[in-house]
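Next come the chains, spelled out residue by residue.
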Amino acid sequence: MRLLVTGGSGFLGGYVLREAARRGHETVALARSDAAARTLAARGAESISGDLDERGRLGETFAAARCGALVNLASLGFGHGPAIVAAAEEAGISRAVFVSTTAVTTTLPAPTKRVRLAAEERIRSSGLDWTILRPTMIYGAPGDRNLSRLLALLARIPVLPVPGGGAHLQQPVHVADLAGAVLTATERPATAGSCYNVAGPQPHSFAELLAICARAVASRTRFIPVPLAPVVAAARGYEQLSRHPRIRAEQLQRLAEDKAFVIDDAIRELDYAPRPFEDGIRLEAVVMGLAR
């Protein structure tokens, strides 16, 4: 199959493009810069110049790719979803798989929640043979923006405050497992019209997750429970002072929510078999050179 991929130069994109090549698919990926085009070439994809912000030309760009299916890995949180759907319809690409996020289930008034849900509704109401995948927190290699930072921190600090005490649940998904689910969904027309949660095999409390990560890097870090509210307040102040904050108040607030999801549909219809978190995080520690 010849696949048009958006977001191919991102973290998940590398895994999807390499897995697509392994499965024998041709890939054409949208590139908005020469640097992105070089990244895509290194990942085995043909690049086509295009920018999701150039909505008036997007349909023409999609048509020029001459692809039979769209794999949208680009975030739906930036408002591009409706334009991507319209471009696929204009280009005559009927099969489309969209990666969203389980973050749309948050009870917090997150700014991007409304945008993502509106994008999902536009997808559902389109004429496309659509499938939506909602992954949880993605991990698995340097650059995952989540657990790679935690592993590096645990390898060098003696004490780590745990806002809220760590009782609530997490269910991270390994990036390679997610990439496999994305492509299997694309390959199976029967998944059209379905939305799948894509998570690890079982949830862990945040405290358990920290302990598993610590074992992966042979860390002796002590975890000290601290109240959540003052840490959130400090994070808000930090966000106002930093142009590129490494952590946001919303991320900390979500530690007070259970992020556990049923994945039975994905297991049954996508042959989804996610690796245990202990195995995935140990491999990430090895790749980062932090395993002891």
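The structure this text deals with has already been given above.
Here the structure is a predicted model, which is why all the values come from computation and not from measurement.

Trainee: Hey, could you run me through the environment of Leu133 in this one?
Mentor: Counting through the fold element by element, Leu133 comes out in strand β6 (residues 129-135). The class of Leu133 is buried, set by a relative accessible area of 0%. For the pair Leu133 and Arg114, spaced 19 residues apart in sequence, the C-alpha to C-alpha distance is 17 Å. Setting aside anything within four residues of it in sequence, one finds Leu133 in contact with Val97, Phe98, Val99, Ser100, Thr101, Leu178, Ala181, Val182, Ala185, Tyr196 and Val198.

Trainee: Would you mind showing me how to read helix α4 (residues 81-91) here?
Mentor: Among all positions in α4, only Gly81, Ala83, Ile84, Val85, Ala87 and Ala88 are buried. Among the structural elements, α3 (55-65), β4 (69-72), β5 (95-99) and α5 (111-124) are those in contact with the buried residues of α4. Immediately downstream of α4, the backbone of Gly92 shows phi near 75 degrees, a positive value.

Trainee: Looking at this model, I keep getting lost on the side chain of Ser219. Mind explaining?
Mentor: Note on placement: Ser219 falls in the loop between α8 (206-216) and β13 (222-226). The exposure class of Ser219 is buried, given its relative accessible area of 18%. At 2.6 Å, the side chain of Ser219 and the side chain of Thr221 are in polar contact.

Trainee: Looking at this structure, how should I read the packing of aromatic side chains?
Mentor: Given two aromatic rings, their pairing is described by the distance between the two centres and the angle made by the two planes. Following the criterion strictly, the structure yields 2 aromatic pairs and no others. Taking 5.1 Å as the distance between ring centres and 65 degrees as the angle between the ring planes, the aromatic pair formed by Tyr139 and Phe277 counts as edge-to-face. One end of the pair, Tyr139, is in strand β7 (residues 138-139); the other, Phe277, is in helix α12 (residues 277-287), with 138 residues separating them in the sequence. Side by side, Tyr139 and Phe277 carry an identical accessibility label, which is buried. Looking at Arg18, its charged tip hangs above the ring of Tyr15, at a distance of 5.3 Å from the centre.

Trainee: Quick question: what am I supposed to make of the pairing of β6 here?
Mentor: Strand residues, when the strand is regular, have side chains that alternate between the two faces of the sheet. With 6 of its 7 residues buried, β6 lies for the most part within the structure. The pairing of β5 with β6 spans 5 bridges and is classified as parallel. Bridged to Arg95 within β6 is Asp129. Following the chain from β5 across α5 to the adjacent parallel β6, one finds a crossover that is right-handed. Two elements, β6 and strand β11 (residues 194-198), share 5 bridges in a ladder whose sense is parallel. From the neighbouring strand, Arg134 faces β11, where its bridge partner is Asn197.

Reading the values: rules and limits
- Residues numbered from 1 in each chain as written.
- Predicted model: local features only at pLDDT ≥ 70, side-chain atom pairs only at ≥ 80, totals over all residues.
- Heavy atoms only, no water.
- Helix = DSSP H or I, 4+ residues; strand = E, 2+ residues; numbered from the N terminus.
- Buried < 20%, exposed > 50% of the residue type's maximum accessible area, 1.4 Å probe, protein only.
- Contact = heavy atoms within 4.5 Å.
- Polar contact = N/O pair within 3.5 Å; in protein donor to acceptor, adjacent residues only side chain to side chain.
- Phe/Tyr/Trp six-rings, centres within 6.5 Å; stacked < 30°, edge-to-face > 60°.
- Lys NZ or Arg CZ within 6 Å of the ring centre and 35° of its normal.
- Pairing = 2+ DSSP bridges.
- Right-handed = clockwise from strand over helix to strand, strands pointing away.

These figures capture arrangement, not role.
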